[in-house]
There are 4 protein chains.
Amino acid sequence: MTYLDEDVQKDIITRLNRIEGQVRGVKKMIEEQTDCESILIQVASLRAGLGQVGRIVLDDHLRTCVMDCVNKGEGEKALAKLARALDRLLK
Amino acid sequence: MTYLDEDVQKDIITRLNRIEGQVRGVKKMIEEQTDCESILIQVASLRAGLGQVGRIVLDDHLRTCVMDCVNKGEGEKALAKLARALDRLLK
Amino acid sequence: MTYLDEDVQKDIITRLNRIEGQVRGVKKMIEEQTDCESILIQVASLRAGLGQVGRIVLDDHLRTCVMDCVNKGEGEKALAKLARALDRLLK
Amino acid sequence: MTYLDEDVQKDIITRLNRIEGQVRGVKKMIEEQTDCESILIQVASLRAGLGQVGRIVLDDHLRTCVMDCVNKGEGEKALAKLARALDRLLK
């Protein structure tokens, strides 16, 4: 089965590990009553980090899985599925 | 010191715990080569969850910390600090 | 040449007309010194309206133009071009 | 009545004029059947431009109107109204 490139998978896992640590950091900030502005900036940074993960997954997905389906003549189904995911991602 | 209401703090911690679990879930999805659309939908859901956390922090922050500063005559400083955080949050 | 469906084109034009009117409305609000919160809510509504236009264009584009390229064996080029646009749209 | 600074008002009007022209441009692109990727990039640019307008209005609003209310002892009401607008803006 075609899937995301191995180095892309590794990159995403590294990013998600960092994001997971950052989420734990925000919990600690709340517990230590860190000023809310710093918390809001961390939340913004987390959202940006996740946006980047989404773009990386999507970009490689188009180049691997969708491309593979297209080459196998299953492009229509792959594009319909992609459209549903994009609709959610863009909301 | 004035800070976020205790029940708001608890609510945010609960939400961040759920978000942390969801981030671990996305890592597992990558490792198990789950289809990318499901991953993208999870990333969108994570971003929405973090957006909700940001709105809750901001809302309670205005009602507690900023309001308290205003009442103490330190409103100008509090609003300037808030403006910087909002600028990041809205990007 | 394959392009967006005609009824989709009409729907988008109608939405853009409404958006254009709303932009003019915001200018008038500034000139009449309407309260800023109402202006911010209009700006948020405009952004949501444009997001909806983006999703409609993208959705129909996938079903028409990209699908057509795929069927002509030009899927790879179409997907690469799409990836670049999505990268911008998701930022 | 305190309101947005005059030069900020002018800057916002200039930006909204540019945005209005850009919206008309997108309509023309649809009518001329310009490729959808270019349209999506314009829509993304429009959304970014409106986001910038929102940030400018909000920033000056905090420094002028809200600050003025705070100085008049009407801070609580101003912050509650601001909270409602921010909730919409951050969605």
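For the structure, check the block above.
This section reports on the structure supplied with the text. Predicted model only: the values in this text are computed from it and were never measured.

**Concerning the overall build of chain A**
Working step 1: Along its length, chain A carries three helices and zero strands.
Working step 2: Ordered by position in the sequence, the α and β elements of chain A form the string α-α-α.
Working step 3: Taking 2.2 N^0.38 as the reference for a compact globule, 91 residues should give roughly 12 Å; the C-alpha atoms of chain A span a radius of gyration of 17 Å, well beyond that estimate.
Working step 4: Overall, chain A is about 55 × 30 × 15 Å in size when its C-alpha atoms are taken along their principal axes.
Working step 5: Here chain A holds 91 residues, and 51% of them are scored as buried.
Working step 6: Of all intrachain contacts in chain A linking residues separated by at least 6 positions in sequence, the fraction that spans at least 24 positions is 63%.
Working step 7: Within the structure as shown, chain A displays about 4300 Å² of accessible surface, and the carbon and sulfur contribution to it stands at 46%.
Working step 8: Of the charged side chains in chain A, 15 are positive and 15 negative; the average position of the first set lies 3 Å away from that of the second.

**Topic: the relation of the copies chain A and chain C**
Working step 1: In screw terms, the move from chain A to chain C is a rotation of 180° and a rise of 0.0 Å along the axis, fitting with an RMSD of 0.0 Å. Overall, the copies show the geometry of a two-fold rotation axis.
Working step 2: Interface overlap between copies: 100% of the residues of chain A at the interface are likewise at the interface in chain C, consistent with a symmetric, same-surface contact.

**Quick word on the state of the cysteines**
Working step 1: With the rule as written, the count across this model stands at zero disulfides over all chains.
Working step 2: A disulfide-free cysteine, C65(C) has its sulfur positioned 3.9 Å from the sulfur of C36(D), the nearest such atom.

**A word on the arrangement of the chains**
Working step 1: Chain C makes no contact with chain B, the minimum C-alpha separation between the two being 9 Å.
Working step 2: The two units chain A and chain D remain apart, with a minimum C-alpha distance of 9 Å.

**Some remarks on unusual backbone geometry**
Residues and elements named next belong to chain A.
Working step 1: Non-glycine residue Q33 carries a positive phi angle of around 50°.
Working step 2: Turning to its location among the elements, Q33 is positioned in the loop between α1 (6-31) and α2 (36-71).
Working step 3: A relative accessible area of 32% places Q33 in the partly exposed class.

**Some thoughts on the interface of chain A and chain C**
Working step 1: Every contact between the two is made by 17 residues of chain A and, on the other side, 17 residues of chain C.
Working step 2: Summed over both partners, the interface of chain A with chain C comes to about 1600 Å²; 79% of that surface belongs to carbon and sulfur atoms.
Working step 3: The largest share of the area that chain A buries against chain C comes from R55(A), L79(A) and L90(A), three residues that together contribute 38% of it.
Working step 4: Put simply, chain A and chain C have two residue pairs in polar contact (both at pLDDT 80 or more) between them.
Working step 5: When contributions to the side of chain A that touches chain C are tallied by element, the ones reaching two or more residues are α2 and α3 (75-89) of chain A.
Working step 6: Of the residues in the side of chain A that touches chain C, the class split is eleven nonpolar, one polar and five charged.

**Remarks on helix α1 (residues 6-31) of chain C**
Note that an α-helix has 3.6 residues per turn; residues three or four places apart therefore point the same way.
Working step 1: Between its first and last C-alpha atoms α1(C) spans 38 Å; for 26 residues at 1.5 Å apiece the expected length is 38 Å, and the two agree.
Working step 2: Note on α1(C): the residue one or two positions beyond its end, Q33(C), has a positive phi of about 50°.

**Notes on the packing of helix α1 (residues 6-31) of chain D against helix α2 (residues 36-71) of chain D**
Residue and element names in this part refer to chain D.
Working step 1: At a minimum axis separation of 10 Å, α1 and α2 run at an interaxial angle of 165°. When the interaxial angle is binned, α1 and α2 end up roughly antiparallel. Read as a crossing pair, α1 and α2 show a hand that is left-handed. Mapping the contact onto sequence places V8, D11, I12, R15, L16, I19, Q22, V23, V26, M29 and I30 in α1 and S38, I39, Q42, S45, L46, G49, L50, Q52, V53, I56, V57 and D60 in α2.
Working step 2: Looking at side-chain class alone, the contact of α1 with α2 contains 14 nonpolar, six polar and three charged residues.

**Quick look at the interface of chain B and chain A**
Size of an interface: often given as the accessible area lost when the parts come together.
Working step 1: Taken residue by residue, the interface counts 44 residues in chain B and 44 residues in chain A.
Working step 2: Surface buried jointly by chain B and chain A totals about 4100 Å² across both partners, of which 72% is contributed by carbon and sulfur atoms.
Working step 3: Between chain B and chain A we count eight salt bridges in total.
Working step 4: Close ionic contact of E37(A) with K81(B) constitutes a salt bridge, the shortest N to O distance being 3.9 Å.
Working step 5: Remark: the boundary between chain B and chain A carries 13 residue pairs in polar contact (both at pLDDT 80 or more).
Working step 6: Put simply, the parts of the chain that give the side of chain B that touches chain A at least two residues each are α1 (6-31), α2 (36-71) and α3 (75-89) of chain B.
Working step 7: The dominant element in the side of chain B that touches chain A, judged by the number of residues it contributes, is α2(B), at 18 residues.

**A few points about the environment of T2(B)**
Residues and elements named next belong to chain B.
Working step 1: Summarising the element assignment, T2 is placed in the segment before α1.
Working step 2: For T2, a relative accessible area of 28% puts it in the partly exposed group.
Working step 3: Separated by 68 residues in sequence, T2 and V70 have C-alpha atoms that sit 12 Å apart.
Working step 4: If we skip the residues at most four places from it in the chain, T2 touches T64, C65 and D68.
Working step 5: Within the structure, T2 has its side chain in polar contact with the side chain of D68 (distance 2.7 Å).

Scoring rules and cut-offs
- Residues numbered from 1 in each chain as written.
- Chains lettered and ligands numbered in written order.
- Predicted model: local features only at pLDDT ≥ 70, side-chain atom pairs only at ≥ 80, totals over all residues.
- Heavy atoms only, no water.
- Helix = DSSP H or I, 4+ residues; strand = E, 2+ residues; numbered from the N terminus.
- Rg over C-alpha atoms; globule rule 2.2 N^0.38 Å.
- Buried < 20%, exposed > 50% of the residue type's maximum accessible area, 1.4 Å probe, protein only.
- Contact = heavy atoms within 4.5 Å.
- Areas by Shrake-Rupley, 256 points an atom, 1.4 Å probe, with all protein chains shown as cover.
- Lys, Arg positive; Asp, Glu negative; His and termini not counted.
- Charge placed at Lys NZ, Arg CZ, Asp CG, Glu CD.
- Least-squares fit on C-alpha atoms with pLDDT ≥ 70 in both.
- Disulfide = S-S within 2.5 Å.
- Buried area = accessible area lost by both parts, 1.4 Å probe.
- Polar contact = N/O pair within 3.5 Å; in protein donor to acceptor, adjacent residues only side chain to side chain.
- Nonpolar A, V, L, I, M, F, W, Y, C, P; charged D, E, K, R; others polar.
- Expected span 1.5 Å × (residues − 1).
- Axes fitted to C-alpha atoms, helices over the stretch in contact; angles between N-to-C directions.
- Parallel < 35°, antiparallel > 145°, perpendicular 65-115°, else oblique.
- Left-handed = near helix turned anticlockwise from the far one by under 90°.
- Salt bridge = Lys/Arg side-chain N within 4 Å of Asp/Glu carboxyl O.

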